[in-house]
Amino acid sequence: KDMIPGVTVKRELDEATGKWVLHNAGAPPILSLNQAGKHRVHFCPGAPLGTENGFEVGRTEGQLKPTERLLLYTDGIPEIILPNGNVLGMRRFAQ
């Protein structure tokens, strides 16, 4: 039987300092959003769970300012088909 790879993310956040750490296994990049809605993309390597080529958990970290937020989302969001038939895509989703 074929194995279907899965993804997982673990996020650690120190609310007092704003420092965050992300451990990733195949999930899409995360976004940090400032108060004005501008975003930064944070890429984190990591193989999906159950892949045949080995397993590797990625790690990345950052620092949030008091008014910033982290956005974690499913990979299905950028893959949404819009009414015009186009795919939403990562660029439009981030905007």
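Just so it is clear, the model here is predicted, and its values are computed rather than measured.

So, how was this worked out
- Note that residues are indexed from 1 along each chain, following the sequence as it is written.
- Only residues with pLDDT of at least 70 get local features here, since the model is predicted, and only at 80 or more are side-chain atom pairs given and counted; chain-wide, interface and lining totals rely on the full set of residues.
- The basis for every side-chain value is the complete set of non-hydrogen atoms in the structure, without hydrogens or water.
- For two strands to count as paired, DSSP must find a minimum of two bridges between them.
- Secondary structure elements follow DSSP: runs of H or I of four or more residues count as helices, runs of E of two or more count as strands, with numbering from the N terminus.
- What counts as an axis is a line fitted to C-alpha atoms, over the stretch in contact for a helix, and the angles between N-to-C directions run from 0 to 180 degrees.
- Throughout this description, the term salt bridge denotes a Lys or Arg side-chain nitrogen within 4 Å of a carboxyl oxygen of Asp or Glu.
- Three labels apply to residues, based on accessible area from a 1.4 Å probe with only protein chains included: buried if under 20% of the type maximum, exposed if over 50%, partly exposed otherwise in between.
- The criterion used for residue contact is that any of the two residues' heavy atoms lie within 4.5 Å.
- Two N or O atoms form a polar contact when they lie within 3.5 Å of each other; inside protein one atom must be a possible hydrogen donor and the other a possible acceptor, and for residues adjacent in sequence the pair counts only when both atoms belong to side chains.

Caption draft 1: Quick look at the sheet that holds strand β5 (residues 58-63). Taken together, three strands build an open sheet; the order of strands is β1-β2-β5 and the sheet is antiparallel. One side of each edge strand has no neighbouring strand; the edge strands of this open sheet are β1 (8-13) and β5. Taken pair by pair, the neighbouring strands of this sheet meet at an average axis angle of 15°, ignoring direction. Taken together, the six bridges between strand β2 (residues 19-25) and β5 define a ladder with antiparallel strand orientation.

Caption draft 2: Spotlight on the pattern of salt bridges. On inspection of all chains with the given rule, the structure shows three salt bridges. A salt bridge links E12 to K10; the shortest N-O distance between them is 3.4 Å. For E12, a relative accessible area of 33% corresponds to the partly exposed category. Connected via shared salt-bridge partners are K19, R59 and E61.

Caption draft 3: Summary view of the environment of P66. Along the chain, the position of P66 falls in the loop between β5 and β6 (69-71). Looking at P66, the relative accessible area reads 78%, which means it is exposed. Linking P66 and E15, residues 51 residues apart in sequence, is a C-alpha distance of 9.0 Å.

Caption draft 4: The arrangement of the sheet that holds strand β4 (residues 39-42) in detail. Spatially, the three strands line up as an open sheet ordered β4-β3-β6, and their pairing is antiparallel. Across the chains shown, the open sheet's two edge strands, defined by having one partner strand only, are β4 and β6. Going from strand to strand, the sheet's axes swing by 25° on average, the running direction of each strand aside. As paired strands, strand β3 (residues 30-33) and β4 are joined by four bridges and run antiparallel to one another. Counterpart to L31 in the pairing with β4 is V41.

Caption draft 5: The arrangement of the environment of Q63 in detail. Looking at the secondary structure, you find Q63 in strand β5. In this structure the C-alpha to C-alpha distance between Q63 and W20, which are 43 residues apart in sequence, comes to 6.0 Å. Setting aside residues up to four positions removed in sequence, Q63 forms contacts with T17, G18, K19, W20 and E68. A distance of 2.3 Å separates the side chain of Q63 from the backbone oxygen of T17, its partner in a polar contact.

Caption draft 6: Region of the structure containing the side chain of E68. Looking at the element boundaries, E68 is found in the loop between β5 and β6. A polar side-chain atom of E68 sits 2.7 Å from the main-chain amide nitrogen of K65. Discounting chain neighbours no more than four positions away, the residues touching E68 are L33, N34 and Q63.

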